[in-house]
Amino acid sequence: MSSKKRVLSGIQPTADSFQIGNYLGALKQWVQLQDTHDTFYSIVDLHAITGEHDPKVLHQRTLLAFAQVIAAGVDPEKSTLFVQSQVPEHAQLAWVLGCQTGFGEASRMTQFKDKSKKGGMDRTSVGLFTYPILQAADILLYQADQVPVGEDQRQHLELTRDLAIRFNNNFTKTFTVPEPYIVKESAKILDLQDPTAKMSKSLPAGCVFLLDDEQIIMKKFKSAVTDSDREIKFDTELKPGVSNLLSIISLVSGADISELESEFSSKGYGDLKQRAGELVIESVARPFKSKVDELMKDKAQLNKLMNQGAQKAKQVAGETLRTVYQNLGFVS
Ligand code: AMP
Ligand code: TRP
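Residues numbered from 1 in each chain as written. Chains lettered and ligands numbered in written order. Predicted model: local features only at pLDDT ≥ 70, side-chain atom pairs only at ≥ 80, totals over all residues. Heavy atoms only, no water.

(A) The site of ligand 2, seen in detail. In the vicinity of ligand 2 lie 13 residues, with Gln12, Tyr131, Gln135, Asp138 and Gln153 positioned nearest. Between Tyr131 and ligand 2, the recorded distance is 2.7 Å, taken from a side-chain N or O atom to a nitrogen atom. Between ligand 2 and the protein, one listed contact pairs a nitrogen atom with a side-chain N or O atom of Gln135 at 2.9 Å. Isolated, ligand 2 exposes 360 Å² of accessible area, and the fraction of that covered by the protein chains is 89%. Counting residues per element, the ones that place at least two in the shell around ligand 2 are strand 1 (6–11) and helix 6 (126–140). (Near = heavy atom within 4 Å. Polar contact = N/O pair within 3.5 Å; in protein donor to acceptor, adjacent residues only side chain to side chain. Areas by Shrake-Rupley, 256 points an atom, 1.4 Å probe, with all protein chains shown as cover. Helix = DSSP H or I, 4+ residues; strand = E, 2+ residues; numbered from the N terminus.)

(B) Structural context of the packing of helix 2 (residues 55–71) against helix 11 (residues 269–297). Their axes nearest at 9 Å, the elements helix 2 and helix 11 cross at an angle of 125°. When the interaxial angle is binned, helix 2 and helix 11 end up oblique. The two elements helix 2 and helix 11 cross, and the hand of that crossing is right-handed. The residues of helix 11 that touch helix 2, namely those facing Gln60, Leu63, Leu64, Ala67, Gln68, Ile70 and Ala71, are Phe288, Lys291, Val292, Leu295 and Met296. A per-class count over the contact of helix 2 with helix 11 returns 9 nonpolar, 2 polar and 1 charged. (Axes fitted to C-alpha atoms, helices over the stretch in contact; angles between N-to-C directions. Parallel < 35°, antiparallel > 145°, perpendicular 65-115°, else oblique. Left-handed = near helix turned anticlockwise from the far one by under 90°. Contact = heavy atoms within 4.5 Å. Nonpolar A, V, L, I, M, F, W, Y, C, P; charged D, E, K, R; others polar.)

(C) Highlighting the environment of Lys233. With respect to the helices, strands and loops of the structure, Lys233 is situated in the loop between helix 8 (214–222) and helix 9 (240–253). A relative accessible area of 34% places Lys233 in the partly exposed class. Each C-alpha atom of the pair Lys233 and Val331 lies 64 Å from the other, and the pair is 98 residues apart in sequence. Non-local contacts of Lys233, meaning those with residues more than four positions away in its chain, are made with Lys239, Val242, Ser243, Leu246 and Glu261. (Buried < 20%, exposed > 50% of the residue type's maximum accessible area, 1.4 Å probe, protein only.)

(D) Representation of the site of ligand 1 in the model. What surrounds ligand 1 is a group of 16 residues, the closest being Asn22, Gly150, Asp152, Ile189 and Met199. Within the backbone of Gly21, one N or O atom sits 3.3 Å away from a nitrogen atom of ligand 1. One of the side-chain nitrogen or oxygen atoms of Asn22 is found 3.0 Å away from an oxygen atom of ligand 1. Here ligand 1 has 480 Å² of accessible area as a free molecule, and 91% of this is covered by the chains.

(E) Region of interest: the pairing of strand 1. Most of strand 1 sits inside the fold, with 5 of its 6 residues counted as buried. The pairing of strand 1 with strand 2 (residues 38–43) spans 6 bridges and is parallel. Bridge assignment links Gly10 to a residue of strand 2, and that residue is Ser42. Chirality of the crossover, the property in question, places the unit of strand 1, helix 1 (residues 20–33) and strand 2 among those that are right-handed. (Pairing = 2+ DSSP bridges. Right-handed = clockwise from strand over helix to strand, strands pointing away.)

This is the structure in structure tokens:
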């Protein structure tokens, strides 16, 4: 048994490409944690069917997401990288946890409230409602100590903790109570067109997809919305657009924000945008895309890695589920 702390995180295969917010807010942490923690990472395809979907597209995006996680630096030898639907214990534990969750409690999840408001109740699936419970199952099955995510997932993590504590109190102590692992500086990359909103694939105009053509990425940076002032200063309240570009440059290059402020003190917004675009293309997008292309060429190898990951995940998930079933009083 490894004495390292356990980490679990997941990402949905719901786009043709990850965006720079996923990379800086999540994947970069996933990669760093591999050396110090016992890491489990999942492509959460069960979470990707809560709305309408096209099976062919989902299939392709799942392969692409798996390849992209590896391209970002997750090593399938160091980490357990797997596709959620290949480990049936996730759906099984989700049912059990659903029976521990209050209807009101689930109704208070802001992500559900936002999404269901947009679609209207009749077009909102029960799966979208129970989505955070499935997420709790993902985490608790692996007895994770820490869960690296962006700020938007904090409430789901709170629910996961509440469910773990409740189950442990109502039955026998079964689950590790996990902590969120949220890196403040990168927790929220903002939309380039509307720097008051989080960058998200649902707002493609201001979203930098890593597999996009380099010209498109550059164009998005060059047309980033800033402000009518001229000063390059980090101030998230008054200068969200400029601060967002500074954050991106700092996170990608490793330079301190204060260093960047003095470097850009005699330069204009155009230079800042140009630098951000160049850096993201050269240091992130270009090597990322070439690795993804290489991985996607060998589907047999990709499938092999998926099966290996699922088997490793199943060993841990199966053991937890057996304990859960026993502690609930199910016959064996
Ligand atoms: P999603 O694309 O919403 O499935 O998110 C996958 C992961 O990326 C989650 O851990 C999110 O919290 C993180 N993430 C998504 N968008 C951003 C963003 N704009 N800034 C920081 N992290 C993000
Ligand atoms: N809900 C997460 C998101 O949208 C994805 C996710 C599913 C997840 N299961 C998880 C994240 C378990 C962390 C741990 O980003």
